Amino acid sequence: NTGDGIATSSTCTISGCAARGNGGVGFSFTTACTLSDCAAFVNTGDGFSSIFDGNTLHNCDANNNTGDGFDIDYTATIVNCAAYYNSGDGFRVSSRNVLIGNAASYNGRGASGGAGINLIGQDNRVEGNNCTVATYGIRAITSGNFITRNVCSGNTTNWDIAAGNTNLSERTEEQAS
């Protein structure tokens, strides 16, 4: 497609689908959508993108997209997803999101670099994720996020966490060494 691969409105369920080589975003969705076992590869935009509330993504993969792997704004739950080799961030989220058990490697291949997980808002819970080989492992540019039990290694900067966040992952790593 010259535009987005799969674009939906609210209360959708998408399962077992792939969006590859589109001229825009792989999957674009709005409110209260559930995506499971989906893959977005080699799209000109983001792999998965939503600027709306209440979405759930489970077992989805975003690889080799020109934008971010996952660009999600508000109140999403993202579990066991993977983002590899995207030009932007692996996971870029705004506020009130939950990210659990995700993997991000080799993201930020664009000119400005990127993060495995980039928190650009507050009230996010980031737990048990693995972020490797990017400019930043986990980056939180605002306060009010809870970050725990994550592993970041092989990044230019593993932790770029603004004041006012709780980052138990970094303390655990330091205590272990």
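Relevant structure appears above.
Residues numbered from 1 in each chain as written. Predicted model: local features only at pLDDT ≥ 70, side-chain atom pairs only at ≥ 80, totals over all residues. Heavy atoms only, no water.

Draft legend 1. Geometry of the overall build of the protein chain. Looking only at helices and strands, the protein chain features one helix and 23 strands. When the 177 residues of the protein chain are sorted by exposure, 48% land in the buried category. Of the contacts made within the protein chain by residues no fewer than 6 positions apart, 18% connect residues no fewer than 24 positions apart. Within the structure as shown, the protein chain displays about 7400 Å² of accessible surface, and the carbon and sulfur contribution to it stands at 47%. A gap of 2 Å separates the mean positions of the 8 positive and 15 negative side-chain charges of the protein chain. (Helix = DSSP H or I, 4+ residues; strand = E, 2+ residues; numbered from the N terminus. Buried < 20%, exposed > 50% of the residue type's maximum accessible area, 1.4 Å probe, protein only. Contact = heavy atoms within 4.5 Å. Areas by Shrake-Rupley, 256 points an atom, 1.4 Å probe, with all protein chains shown as cover. Lys, Arg positive; Asp, Glu negative; His and termini not counted. Charge placed at Lys NZ, Arg CZ, Asp CG, Glu CD.)

Draft legend 2. Molecular detail of a nonpolar patch on the surface. Nonpolar side chains collect at one region of the surface, where Tyr 85, Tyr 106 and Val 133 lie side by side and expose about 250 Å² of accessible area between them. Counting through the fold element by element, Val 133 comes out in the loop between strand E18 (130-132) and strand E19 (136-140). (Patch = residues over 30% accessible without salt bridge, like charges linked within 9 Å, V, L, I, M, F, W, Y side chains within 5 Å. Salt bridge = Lys/Arg side-chain N within 4 Å of Asp/Glu carboxyl O.)

Draft legend 3. Quick peek at the state of the cysteines. Under the defined criterion, the tally for this structure stands at one disulfide. Residue pairing for Cys 12: its cysteine sulfur links by disulfide to Cys 33, the two sulfurs lying 2.5 Å apart. A torsion of 130 degrees about the S-S bond marks the disulfide between Cys 12 and Cys 33 as right-handed. Here Cys 33 lies in the loop between strand E4 (27-28) and strand E5 (34-36) and Cys 12 lies in the loop between strand E1 (6-7) and strand E2 (13-15), a separation of 21 residues in the sequence. You'll find Cys 12 and Cys 33 in the same group, each marked buried. Unpaired in terms of disulfides, Cys 17 finds its nearest cysteine sulfur in Cys 38, a separation of 5.0 Å. (Disulfide = S-S within 2.5 Å.)

Draft legend 4. Structural context of the pattern of salt bridges. For the structure on display, the rule yields four salt bridges. Salt-bridge contacts for Arg 125 lead to Glu 127; the nearest nitrogen and oxygen are separated by 2.7 Å. On the basis of relative accessibility, which here comes to 35%, the residue Arg 125 falls in the partly exposed class. Residues Arg 149 and Glu 127 are paired through a salt bridge, measuring 3.7 Å at the closest nitrogen-oxygen approach. Of this pair, Arg 149 sits in the loop between strand E20 (146-148) and strand E21 (151-153) while Glu 127 sits in strand E17 (residues 125-127); the two residues are 22 residues apart in sequence, bridging distant segments of the chain. A relative accessible area of 59% places Arg 149 in the exposed class. Accessibility expressed as a relative area gives 14% for Glu 127, which makes it buried.

Draft legend 5. The packing of aromatic side chains, seen in detail. One pass over the structure, following the stated rule, counts four aromatic pairs. Judged by centre distance (4.9 Å) and plane angle (5 degrees), the ring pair of Tyr 85 and Tyr 106 falls under stacked. Taken together, the residues span a long stretch of sequence, with Tyr 85 in the loop between strand E12 (82-84) and strand E13 (91-95) and Tyr 106 in the loop between strand E15 (103-105) and strand E16 (115-119) at a distance of 21 residues. We classify Tyr 106 as partly exposed; its relative accessible area is 38%. Members of the aromatic cluster, joined through ring pairs, are Phe 27, Phe 48, Phe 70 and Phe 91. (Phe/Tyr/Trp six-rings, centres within 6.5 Å; stacked < 30°, edge-to-face > 60°.)

Draft legend 6. Quick look at the pairing of E13. For E13, the tally of buried residues reaches four of five residues, placing the bulk of the element in the interior. In this sheet, E16 lies alongside E13 in parallel orientation, the contact comprising three bridges. If you follow Val 93 over to E16, its bridge partner there is Leu 119. (Pairing = 2+ DSSP bridges.)

Draft legend 7. The arrangement of the nonpolar core in detail. One finds Phe 48 and Phe 70 to be the most contacted residues of the largest nonpolar core, which totals 32 residues. Taken together, the elements giving at least two residues each to this core come down to strand E10 (70-74), E13, E16 and E19. (Core = buried A, V, L, I, M, F, W, Y, C linked by side-chain atoms within 4.5 Å.)

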